Amino acid sequence: MFRLLVSLLVIAFMSIPLISQEIVTDRPDQTESATAVPKNAFQLESGILVSHEGEDFREILSPTNLFRYGLFENLELRLTYDFMQLKSDEKRISQTGFGDIQAGFKYQFYRNGKTEIAILSHLVFPSGTGESFSQGSYASINKLAIAHTLSDRFNLSYNLGYDYFDKGLFTYSLALGIGLNDKIGYYIESYGEADNETHLSNMDTGFTYLLNDTLQFDFSFGTGINVDMNYLSIGVSWLILDKNEN
């Protein structure tokens, strides 16, 4: 039923134009944008995510936070952390704590009007509260982010990545963005990860609502294709510009 709903949404909105906007976010999809925040600007992206694995295990991120700061033109610093709640009725588990802190950067090194390319890297610090919330060792997340403006109606973005959490992990994502009007956007996305032994594939979709040029709300939901997983998320993103830069 969920996948049927996603398909119907795609068919319904494929013909609606995409409208440009000043704020460019890395949520709600899994694909990181190829755009850095402006110099001396600060951007907060925060939300609540509820995910289920199997029939029993539930994970709640409330809030999940990404802080972005434009250090130079086309270069931003990034910091992210989550407050998490883990629940399993079958195992009688209910735990809360902070996940590992991630710190890193995004550098946009190419832009020609229709195509943007950036690299993104995070170092994961083993700072979570307990074994259930921490990797227990340092790790890294690395992505090449590419975005194409196909027309006034469509944007296509994709990431190729390599993460290291005790072992190497290849990641990918592909997102099609569509504008419904000057306030509402829509996307459909496929994403996953693979190593030498396994390949996990997922899909998601969602909407954004642009209240003004610097404030955006979002709603998204996703499901596993070859893994028993689904999630719902809502969020808000706020861009604070340095007036001296305008």
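The coordinates are above.
All values reported here derive from a predicted model rather than from experimental measurement.

A.B. asks: For this particular structure, what's the right way to read the environment of Ser201?
C.D. replies: With respect to the helices and strands, Ser201 occurs in strand 11 (residues 199–212). Through-space distance from the C-alpha of Ser201 to that of Tyr172 is 9.5 Å; in sequence the pair is 29 residues apart. If sequence neighbours within four positions are ignored, Ser201 has contacts with Tyr172, Tyr191, Gly192, Gly224, Ile225, Asn226 and Val227.

A.B. asks: Any chance you could explain the side chain of Thr205 here in plain terms?
C.D. replies: When you line up the elements, Thr205 lands in strand 11. Polar side-chain contacts of Thr205 include one of 2.6 Å to the backbone oxygen of Tyr187.

A.B. asks: What is the right way to read the packing of aromatic side chains from this model?
C.D. replies: In this description, a pair of aromatic rings is defined by centroid distance and the angle of the planes. Throughout the structure, instances matching the rule amount to nine aromatic pairs. On the numbers, 5.0 Å between centres and 70° between planes, the contact of Phe83 with Phe98 is edge-to-face. Of the two residues, Phe83 sits in strand 3 (residues 75–88) while Phe98 sits in strand 4 (residues 93–98), which places them 15 residues apart along the sequence. Assessed through its relative accessible area of 28%, Phe83 is described here as partly exposed. The rings of Phe42, Phe67, Tyr81, Phe83 and Phe98 are connected pair by pair, giving a single aromatic cluster.

A.B. asks: Help me out: how do you make sense of the pairing of strand 8 (residues 154–165) in this one?
C.D. replies: Consecutive residues of a regular strand have side chains that alternate between opposite faces of the sheet. Pairing of strand 7 (residues 139–149) with strand 8, which is carried by 10 bridges, proceeds in the antiparallel orientation. Bridging from a neighbouring strand, Ile141 pairs with Asp163 of strand 8. Between strand 7 and strand 8, which follow one another and run antiparallel, lie four residues. Bridge analysis of strand 8 against strand 9 (residues 167–179) gives 12 bridges, and the strand direction is antiparallel. Bridge pairing links Asn159 to Ser173 in strand 9. Taken together, strand 8 and the strand that follows it, strand 9, pair antiparallel across an intervening segment of one residue, in which Asp166 is found at a positive phi of about 70°.

A.B. asks: Looking at this structure, I do not really get a nonpolar patch on the surface. What am I missing?
C.D. replies: On the surface, Tyr69, Leu71, Phe72, Leu77, Phe105, Tyr107, Phe109, Tyr110 and Ile119 cluster together into a nonpolar patch covering about 770 Å² of accessible area. For the nonpolar patch, the leading source of residues is strand 5 (residues 101–111), giving four residues. Taking the relative accessible area as the measure of exposure, Ile119 reaches 34% and is therefore partly exposed.

A.B. asks: In this structure, what is going on with the nonpolar core? I would like to understand it.
C.D. replies: One broad trend across soluble globular proteins is that nonpolar side chains are buried collectively. Grouped together as the largest cluster of nonpolar side chains are nine residues: Leu49, Leu61, Met84, Leu86, Phe133, Tyr187, Tyr191, Met229 and Tyr231. Contributing elements (two or more residues each) for this core: strand 3, strand 10 (184–194) and strand 13 (229–240). Each residue touching Tyr231, except ones within four places of it in the same chain, is listed here: Pro28, Gln30, Leu49, Val50, Ser51, Tyr187, Tyr191, Asp204, Ser220, Phe221 and Gly222. Ranked by size, the runner-up nonpolar core spans seven residues in total, among them Leu176, Ile178, Leu180 and Met203.

A.B. asks: How should unusual backbone geometry be read in this particular structure?
C.D. replies: Between Arg27 and the following residue, Pro28, the backbone shows a cis peptide bond with an omega angle of 10°. Topologically, Pro28 is positioned in the loop between helix 1 (2–13) and strand 1 (42–53). Geometrically, the link from Ser62 to Pro63 is a cis peptide bond, its omega value of 0° lying close to zero. Here Pro63 shows up in strand 2 (residues 57–72).

A.B. asks: Would you explain the pattern of salt bridges in this entry?
C.D. replies: A side chain with one charge can pair with a side chain of the opposite charge if their charged atoms come near. Per the counting criterion, the structure on display carries nine salt bridges. Taking the shortest distance from any N to any O, the salt bridge between Asp26 and Arg78 comes out at 2.8 Å. In this pair, Asp26 sits in the loop between helix 1 and strand 1 while Arg78 sits in strand 3, placing the two residues 52 residues apart along the sequence. By the burial criterion, Asp26 is buried, and Arg78 matches it. Here Glu32 ties to Arg78 by a salt bridge, and the two come within 3.5 Å at their closest N and O atoms. Taken as a pair, Glu32 in the loop between helix 1 and strand 1 and Arg78 in strand 3 lie far apart in primary sequence, 46 residues in all. The two residues Glu32 and Arg78 agree in class, both being buried. One salt-bridge network, held together by shared partners, links Asp26, Glu32, Glu45, Arg68, Glu76, Arg78 and Lys106.

What counts and how
Residues numbered from 1 in each chain as written. Predicted model: local features only at pLDDT ≥ 70, side-chain atom pairs only at ≥ 80, totals over all residues. Heavy atoms only, no water. Helix = DSSP H or I, 4+ residues; strand = E, 2+ residues; numbered from the N terminus. Contact = heavy atoms within 4.5 Å. Polar contact = N/O pair within 3.5 Å; in protein donor to acceptor, adjacent residues only side chain to side chain. Phe/Tyr/Trp six-rings, centres within 6.5 Å; stacked < 30°, edge-to-face > 60°. Buried < 20%, exposed > 50% of the residue type's maximum accessible area, 1.4 Å probe, protein only. Pairing = 2+ DSSP bridges. Patch = residues over 30% accessible without salt bridge, like charges linked within 9 Å, V, L, I, M, F, W, Y side chains within 5 Å. Areas by Shrake-Rupley, 256 points an atom, 1.4 Å probe, with all protein chains shown as cover. Salt bridge = Lys/Arg side-chain N within 4 Å of Asp/Glu carboxyl O. Core = buried A, V, L, I, M, F, W, Y, C linked by side-chain atoms within 4.5 Å.

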